[in-house]
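Observations on the model geometry
What follows is the residue order along each chain.
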Amino acid sequence: LLMAARLSKEKRPELAIDAVRVLAARGQQVRLVSAGTGNIADVVHARAKDLPVTFLGFVTDRDYFAQLLASADVVVAPGPIETFGLAALEALASGTPAVVNAASALPEVVGDAGVAAAGTAESFADAIQAILGKEPGKRRADARARAETMPWSATVDLMLDLHTSQLAAVSP
């Protein structure tokens, strides 16, 4: 599992840590790799004590980060206030499905290539297990296919259309 997020209160990294605890209690062998740091890093590290969690800190090497995304089985994005979720889209483009917080905008991004989980450790653990239960080749192909539906050109076209329609509405 990979969590690529700032270790700050609003990103809710404890949900990923606690999901690992739930999965371990269920006998599921998982390892969470956390790429990121932040103002609650010490609290998060303490919470992960005795769990299969590796903290990498902030990853500056783009190639290494791309390898992390592509080699993970699941990316976990526990933050409830994500508005677009570039990390989740990058994961999908790498062929890695994502478990995201249902309260965020990310369920729209991941679609069928991921699972939206309620903001509890049990829900995140259930979602992770659901993805891991799928055939690896299919889950990777589905993730990549979903990412291909959201090229930057489509985002730019949508923004230009939105601005044009708003300007037309206020022009005399």
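Just so you know, these numbers come straight off a predicted model, no measurement behind them.

A few words on a nonpolar patch on the surface. A contiguous nonpolar patch, built from Phe-84, Leu-86 and Trp-152 and spanning about 310 Å² of accessible area, is present on the exposed surface. Tracing the backbone shows Leu-86 in helix α4 (residues 86-93). A relative accessible area of 40% means that Leu-86 is categorised as partly exposed.

Time to look at the packing of α4 against helix α7 (residues 136-147). With their axes 7 Å apart at the nearest point, α4 and α7 run at an angle of 125° to one another. As judged from the angle between their axes, α4 and α7 are oblique. Taking contact as the criterion, the partners of Leu-89, Leu-92 and Ala-93 in α4 are, on α7, Ala-143, Arg-144, Arg-146 and Ala-147. Counted by class, the contact of α4 with α7 contains five nonpolar, no polar and two charged residues.

The next subject is α7. With twelve residues, α7 should cover 16 Å at 1.5 Å per step; its first-to-last C-alpha distance of 17 Å lies within 8% of that length. Residues Arg-139, Ala-143 and Ala-147 constitute the buried set of α7. Down the axis of α7, the buried side of the element spans an arc of 70°, and every buried residue falls inside it. Where α7 is buried, its residues meet α4 and α6 (121-132). Sitting at the head of α7, Glu-135 places a side-chain oxygen 2.9 Å from the backbone nitrogen of Gly-137.

Note on placement: Lys-11 falls in the loop between β1 (2-4) and α1 (13-25). Judged by its relative accessible area of 18%, Lys-11 falls in the buried class. One polar contact links Lys-11 to Glu-82, side chain to side chain, over a distance of 2.7 Å. The residues touching Lys-11, leaving out its near neighbours within four places in the chain, are Arg-6, Pro-78, Gly-79 and Glu-82.

Quick look at the environment of Tyr-64 now. When you line up the elements, Tyr-64 lands in helix α3 (residues 62-71). On the basis of relative accessible area, Tyr-64 is assigned to the partly exposed category, the value being 37%. Look past the residues within four positions of Tyr-64 in its chain and what remains in contact with it is Leu-56 and Val-59.

Residue Arg-12 is not a glycine yet carries a positive backbone phi of 55°. With respect to the helices and strands, the residue Arg-12 is situated in the loop between β1 and α1.

So, about the environment of Leu-92. Locating Leu-92 in the fold gives a position in helix α4. Taking relative accessible area as the criterion, Leu-92 reaches 0% and is therefore assigned buried. Taking C-alpha positions, Leu-92 is 13 Å from Leu-2, a pair spaced 90 residues apart along the chain. With residues up to four places along the chain from it excluded, the contact list for Leu-92 reads Pro-97, Ala-98, Val-109, Val-110, Ala-113, Ala-143, Arg-144, Arg-146 and Ala-147.

Rules used throughout
- Residues numbered from 1 in each chain as written.
- Predicted model: local features only at pLDDT ≥ 70, side-chain atom pairs only at ≥ 80, totals over all residues.
- Heavy atoms only, no water.
- Patch = residues over 30% accessible without salt bridge, like charges linked within 9 Å, V, L, I, M, F, W, Y side chains within 5 Å.
- Areas by Shrake-Rupley, 256 points an atom, 1.4 Å probe, with all protein chains shown as cover.
- Salt bridge = Lys/Arg side-chain N within 4 Å of Asp/Glu carboxyl O.
- Helix = DSSP H or I, 4+ residues; strand = E, 2+ residues; numbered from the N terminus.
- Buried < 20%, exposed > 50% of the residue type's maximum accessible area, 1.4 Å probe, protein only.
- Axes fitted to C-alpha atoms, helices over the stretch in contact; angles between N-to-C directions.
- Parallel < 35°, antiparallel > 145°, perpendicular 65-115°, else oblique.
- Contact = heavy atoms within 4.5 Å.
- Nonpolar A, V, L, I, M, F, W, Y, C, P; charged D, E, K, R; others polar.
- Expected span 1.5 Å × (residues − 1).
- Arc of directions from axis to C-beta.
- Polar contact = N/O pair within 3.5 Å; in protein donor to acceptor, adjacent residues only side chain to side chain.

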